[in-house]
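Structural characterization, general
Each chain is listed here by its residues.
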Amino acid sequence: SPIIPPPPPAPPAPPHQSPTFSPDAPITLTYAATGAPADPLLPPPFTARRVLSTLVDLSAPLKPGLLRALASYTADPTERAALEFLSAKKGPGRDAFVAFVADQALHLAELLECFPSCAPTLGCLAAALPPLTARFYSLTSCPATSPDKVSVAFSVVEWDAAGVGRKGLCTSQLEALVAPALAGAGAGSNVAGMPPLSLTLKPATDFTVPTDLTRPVIMIGPGTGVAPFMGFIDARRAQYAAVGGKPADAAPMRLYFGCRHEAQDWLYREEMEAAVADGTLDALRTAFSRDGPSKVYVQHRLAEDAAELATLITEGGCVFVCGDGMHMAKDVHAALVDLLAPTCGGSKVLAEDFLRTMRENERYVQDIWS
Ligand SMILES: Cc1cc2nc3c(=O)[nH]c(=O)nc-3n(C[C@H](O)[C@H](O)[C@H](O)COP(=O)(O)OP(=O)(O)OC[C@H]3O[C@@H](n4cnc5c(N)ncnc54)[C@H](O)[C@@H]3O)c2cc1C
Ligand SMILES: NC(=O)c1ccc[n+]([C@@H]2O[C@H](COP(=O)([O-])OP(=O)(O)OC[C@H]3O[C@@H](n4cnc5c(N)ncnc54)[C@H](OP(=O)(O)O)[C@@H]3O)[C@@H](O)[C@H]2O)c1
């Protein structure tokens, strides 16, 4: 169950102090060391609200150093002592920090609720909070065939922090953005009242569908890892159209996709089946992990197709892997080593070398995250 902080001092805690800064008044940023004006990297007007909502990560895991900094802006001596106690590097203070702050993934706003006399300056927050970092999403749309549209596939990051339900910052916002459309309100009905999302396109260099149509393409992407491959399929369809149809010597394009349940979780089922029907995809291999008595993963399908895949790869095929980097990509790598070993004289060491060379030549490319 959640661990609560030490009881507040008596008399009961006063309501929050007024902020030490005005959220929407224009401000100027200067470098602390020199006093020189800082380039805000954002168009004016520059306000405290914008600093806190776009430059620093208010949802980042709290560090003891931040609590130490907050203590010096805390008027009530008992609250200040509690913050100093929680910011200790070791001993009971450290244990209390882990249990109360870290394990519950406490946010700054929740911490400040517990210490109502703490009124940090904007400078304190800007210096102590980590910068807000961009989250990357693979495009499911193909820029060549859909230049005016970008689409992504994402799964909402959710976890239990010592009994407290937590969600990822970006995916929870994306979830709120798409909720009205998913509820049937129609696309575009969703943006009113939502903070704007800043997007930047980062072109892929090596994770792109080969232009050489005689090169086999093997795509492995369970779950949301399938995202870029939908763009690959569109791109390959456009490549075929550009040469007047699929050439007789076109090499196969295969997709290995896995999800928990065929009925609920099969993303892009219609698009995949259409690609098989029109001949863009030569093979679609699925692994539904929770529909049978035991788990079936994409690497099990790779093992079943071992001889065929080894031939395609040694004939110059490209292997693309996308999705979970913590477990899936490693297990898929091991499956590739196993299936290539027979063509390397039975040696897994040589199969590893073969894959290393493929990687250097951008024929084995991973787009993975954990
Ligand atoms: C090249 C690349 C491509 C990507 N493509 C996609 C894509 O197409 N689709 C997609 O959905 N994602 C993709 N990602 C992942 C994506 O960028 C984000 O990391 C992910 O969506 C989570 O963002 P968030 O802001 O919702 O979560 P955050 O707020 O960043 O939360 C993640 C944090 O939550 C905490 N956390 C999460 N789970 C737990 C747990 N079980 N226990 C404790 N703490 C936990 C950790 O502190 C973790 O750092 C990609 C990543 C990369 C690098
Ligand atoms: N119905 C739901 O609530 C639901 C459904 C899907 C996703 N999600 C959430 O979304 C998150 C990410 O979703 P996602 O669709 O990208 O992926 P995901 O559903 O977590 O995984 C996709 C597929 O990969 C399998 N997998 C797990 N470990 C693997 C490994 N080592 N090698 C190969 N395959 C492996 C999964 O099987 P297993 O999970 O069965 O092991 C699943 O079949 C999940 O963590 C989850 O929180 C929720």
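Residues numbered from 1 in each chain as written. Chains lettered and ligands numbered in written order. Predicted model: local features only at pLDDT ≥ 70, side-chain atom pairs only at ≥ 80, totals over all residues. Heavy atoms only, no water.

This part takes up the sheet that holds strand β4 (residues 253-259). Taken in spatial order, the five strands of this open sheet run β5-β4-β3-β6-β7, and their pairing is parallel. Looking at which strands have only one partner, the edges of the open sheet turn out to be β5 (283-288) and β7 (364-369). When strand polarity is set aside, the average angle formed by the axes of neighbouring strands in this sheet is 10°. Pairing of strand β6 (residues 318-324) with β7 involves six bridges; the strand directions are parallel. Across the sheet, residue F320 finds its bridge partner in β7, namely V365. (Pairing = 2+ DSSP bridges. Helix = DSSP H or I, 4+ residues; strand = E, 2+ residues; numbered from the N terminus. Axes fitted to C-alpha atoms, helices over the stretch in contact; angles between N-to-C directions.)

So, on to the UniProt feature "domain: Oxidoreductase FAD/NAD(P)-binding" (unreviewed entry) in the protein. As recorded in UniProt, the sites labelled "domain: Oxidoreductase FAD/NAD(P)-binding" (unreviewed entry) are residues 219-333. In the segment residues 219-333, helix accounts for 44% and strand for 19%; the C-alpha atoms at its two ends are 13 Å apart. (UniProt positions renumbered as here; feature names shortened; annotations may be inferred.)

We now examine the packing of helix α8 (residues 227-242) against helix α10 (residues 269-277). Running from amino to carboxyl end, α8 crosses α10 at an angle of 30°, the nearest separation of the two axes being 11 Å. Judged by the angle between their axes, α8 and α10 are roughly parallel. α10 is crossed by α8, and the crossing has left-handed handedness. Of the residues in α10, those in contact with M230, I233 and R237 of α8 are E271, M272, A274 and A275. Class assignment for the residues of the contact of α8 with α10 results in five nonpolar, no polar and two charged. (Parallel < 35°, antiparallel > 145°, perpendicular 65-115°, else oblique. Left-handed = near helix turned anticlockwise from the far one by under 90°. Contact = heavy atoms within 4.5 Å. Nonpolar A, V, L, I, M, F, W, Y, C, P; charged D, E, K, R; others polar.)

Here we take up the site of ligand 1. As a matter of local geometry, ligand 1 sits amid 15 residues, with F136, Y137, L169, C170 and T171 nearest to it. A153 is positioned such that a nitrogen or oxygen atom in its backbone is 2.9 Å from a nitrogen atom of ligand 1. One of the backbone nitrogen or oxygen atoms of S155 is found 3.2 Å away from an oxygen atom of ligand 1. For ligand 1, whose accessible area on its own is 980 Å², the fraction buried by protein is 64%. Of all the elements in the fold, those that place two or more residues in the shell around ligand 1 are α7 (169-185) and β7. In terms of residue count, α7 provides more of the shell around ligand 1 than any other element does, three residues in total. Class assignment of the residues belonging to the shell around ligand 1 gives a composition of nine nonpolar, four polar and two charged. (Near = heavy atom within 4 Å. Polar contact = N/O pair within 3.5 Å; in protein donor to acceptor, adjacent residues only side chain to side chain. Areas by Shrake-Rupley, 256 points an atom, 1.4 Å probe, with all protein chains shown as cover.)

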